[in-house]
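# Coordinates in review
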Amino acid sequence: MQTVDVELAGREYPVWIGPGLLSDSARWRARIRGRHVLVVSNTTVAPLYLKALEKGLEGLKHATWLLDDGETHKTFANVGKVLDALAALGATRDACVIALGGGVVGDLAGFAAACWMRGIDFIQVPTTLLSMVDSSVGGKTGVNLPAGKNLVGAFHQPRAVVADIDVLRTLPQREYLAGVAEIVKGAAIGDEPFFAWLEANADALAAREPAVLIEAIARKCRYKAGVVARDETEQGERALLNLGHTFGHALETAGNYSEILHGEGVAIGMVLAARLSARLGMASDADTDRLLALLTRLGLPTEPSRAHEASRILDLMRLDKKNTAGTLRLILWRGVGRAEIVPGVADEDVLGTLAAG
C-alpha cells in the first residue's frame, strides 16, 4: 500500500492506495466523526461492493441511496434526492456521506455533502481508475447542466480517499483505459520523467499489473496533491490540471454525455491541445507524435467524432469555467511536461485545429 497526503491548512487527508482497503474498515472508519452515515452509490457498483462496505458501518445509523449508472444522472434533481435521504436519516452536522462509485457518484455525493447544513464530512471510495487518480482527489464536486459539464459545484475536500485496487478487477477495459488517460495527462502537464516511465511501462499498465498500477496511481495522485495544496480553488496553477479538458468537455457535451467517456474525451482533448500548441508555434509536431504514440499504444481514442461541427464544439468551449471576459483561455504546452495557461486563443486557430483532424 502507498499513502499520499493531501496537505491543506488544517484539513490534511490521506489517499490510501492498495489492495484490500475496502475491508480494512479499522483504517477508514476512524475518519467518521459522527453516528450518521449515508452511502451514495449506483446500481452497478452497489451489488458488487456495498455489503463489504456496510460491514465496516456496524453500530452506526446508516442508510444507502442509489443512483442509476452514467454521466447523464449527475443532475440537480439527484442532488435533491440525496439531500432528502440525509433528511430521512436525521443526519446532523457531524454526519458523513460515503461516495462508493466512480466520478459521477463522487462528484454528486460530495456536492450534496457540501450543501447539507452548509457542509458535512464525506469519504471517497472510488471504484474506477479515473476517479482514483482524478475526481476523488482535490475536493471538486458538482453536477452537469444541459449547457455544459460541471458548471455548478463547490470545492469540498473529503476526509479520506480509499483507493482499493481490488475493485478494478470488475471494471470494464474501456472504463479502465479512460482512467489511464488521466494518468497520462498528469505526466503530460508537468512530469516528463513520469511520462517516460509510462512509455516504458505502458504494456504492464494496460494489463493491470498490480505493482505498476499502484505506482502509477500514487505518482499521479502525488502530483495532483501538490498542485491542490498550492492552489486549492483553482486561482492559478491548478487550472493546468485541465489539459485537454476544454476540448474534451465540449465533445462530451456535444454527445449528450453518452458518446464518449470522460477519460476518452481527455485523451482526444490532449491531442487537440498538442496540435493547437504546434499550430501556435509553442511546441513541435514531434511532441504531439510522442503523445499520440503513447495514447495509441494504450488503446485510447485520439480523434474527435466528425459527427459534430467544429463551430458547435467551439461554442461549447466558450462555456468553459477557465475562460475570462468572453475570451478562450486554454491549457496548452511547450512539449511534454511543460503545460501552461494561454489566454486569448483565437477562434480561427481552434477551428483550424478541429478541422485538420
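Residues numbered from 1 in each chain as written. Predicted model: local features only at pLDDT ≥ 70, side-chain atom pairs only at ≥ 80, totals over all residues. Heavy atoms only, no water.

Okay, the layout of surface pockets next. Within this model, the second largest pocket holds a volume of roughly 230 Å³. In this structure, the second largest pocket is lined by 15 residues; those nearest its centre are Arg11, Asp121, Gln157, Pro158 and Arg159. Residue composition of the lining of the second largest pocket, by class: five nonpolar, three polar and seven charged. (1 Å grid on protein atoms, 1.4 Å probe; cavity = no way out; pocket = protein on both sides within 12 Å on 5 of 7 lines; lining within 4 Å. Points joined across faces, edges and corners; volume = space filled by probe spheres on them. Nonpolar A, V, L, I, M, F, W, Y, C, P; charged D, E, K, R; others polar.)

Counting residues in hydrophobic clusters, the biggest one holds 104 residues, and the most contacted among them are Ile98, Leu129, Val184 and Val350. No other element matches helix α8 (residues 210–230), which puts 11 residues into this core. Ranked by size, the runner-up nonpolar core spans 24 residues in total, among them Leu67, Leu89, Val105 and Phe122. (Core = buried A, V, L, I, M, F, W, Y, C linked by side-chain atoms within 4.5 Å. Buried < 20%, exposed > 50% of the residue type's maximum accessible area, 1.4 Å probe, protein only. Helix = DSSP H or I, 4+ residues; strand = E, 2+ residues; numbered from the N terminus.)

In this section: the sheet that holds strand β9 (residues 160–164). Sheet architecture is open: seven strands sit in the order β1-β2-β9-β6-β5-β3-β4, paired in mixed fashion. Each edge of the open sheet is held by one strand with a lone partner, namely β1 (2–6) and β4 (61–67). Ignoring strand direction, the axes of neighbouring strands in this sheet form an average angle of 15°. As judged from the six bridges shared by strand β5 (residues 96–101) and strand β6 (residues 121–126), these two strands associate in the parallel manner. Each residue of the ladder has a partner; that of Leu100, found in β6, is Val125. Strand contacts of helix α4 (residues 103–115): β3 (36–42), β4, β5 and β6, with the helix running at about 170° to β5, the strand carrying the most contacts. Each of β1 and β2 (13–18) touches α8; the most contacted strand, β1, lies at about 10° to it. (Pairing = 2+ DSSP bridges. Axes fitted to C-alpha atoms, helices over the stretch in contact; angles between N-to-C directions. Contact = heavy atoms within 4.5 Å.)

Under the definition given, this model contains two aromatic pairs. Consider the rings of Phe194 and Trp197, whose centres lie 5.9 Å apart with planes at 35°: the pair is tilted. Separated by three residues within a single helix, Phe194 and Trp197 lie in helix α7 (residues 192–206), roughly one turn from each other. Each of the two residues, Phe194 as well as Trp197, counts as buried. One residue, Arg27, lies across the ring of Trp16, its end atom 5.5 Å from the ring centre. Sitting over the ring of Tyr176, Arg208 keeps its end group 4.4 Å from the ring centre. (Phe/Tyr/Trp six-rings, centres within 6.5 Å; stacked < 30°, edge-to-face > 60°. Lys NZ or Arg CZ within 6 Å of the ring centre and 35° of its normal.)

Per the counting criterion, the structure on display carries three cavities of 30 Å³ or more. Volume-wise, the largest cavity comes out at about 110 Å³. Lining the largest cavity are 13 residues, with Lys149, His249, Leu316, Leu319 and Asp320 positioned closest to its centre. Listed by contribution, the elements that provide at least two residues to the lining of the largest cavity are β8 (148–155), α9 (245–254) and α12 (310–317). Broken down by class, the residue content of the lining of the largest cavity amounts to six nonpolar, four polar and three charged.

Positioned with a positive phi, Glu234 is a non-glycine residue whose angle comes to about 55°. Relative to the elements of secondary structure, Glu234 occurs in the loop between α8 and α9. One non-glycine residue, Asn256, adopts positive backbone phi at about 55°. Inspection of the secondary structure assignment puts Asn256 in the loop between α9 and α10 (262–279).

Those residues of helix α13 (residues 347–356) that sit buried are Asp349, Val350, Gly352, Thr353 and Leu354. Elements that come into contact with the buried residues of α13 comprise α9, α10, α12, β10 (328–333) and β11 (339–345).

Taken as a whole and judged by the stated rule, the model has 23 salt bridges. Between Lys185 and Asp134 there is a salt bridge whose closest N-O contact spans 3.8 Å. A residue pair is termed long-range when its members are at least 10 positions apart, and Lys185 in helix α6 (residues 173–190) and Asp134 in helix α5 (residues 129–135) qualify at 51 residues. Overall, Asp134 belongs to the buried group, its relative accessible area being 10%. Here Arg334 makes a salt bridge to Glu340, at a shortest N to O gap of 2.8 Å. For Glu340, a relative accessible area of 27% corresponds to the partly exposed category. Within the structure, one salt-bridge network assembled from shared partners comprises Glu71, Lys74, Asp107, Lys149 and Glu252. (Salt bridge = Lys/Arg side-chain N within 4 Å of Asp/Glu carboxyl O.)

Attention shifts here to the pairing of β4. The pairing of β3 with β4 spans seven bridges and is classified as parallel. Among the inter-strand pairings, Leu38 is bridged to a residue of β4, identified as Ala63. Read as a crossover between parallel neighbours, the route from β3 over helix α2 (residues 46–54) to β4 is right-handed. (Right-handed = clockwise from strand over helix to strand, strands pointing away.)

Function cannot be read off these values alone, since they describe shape.
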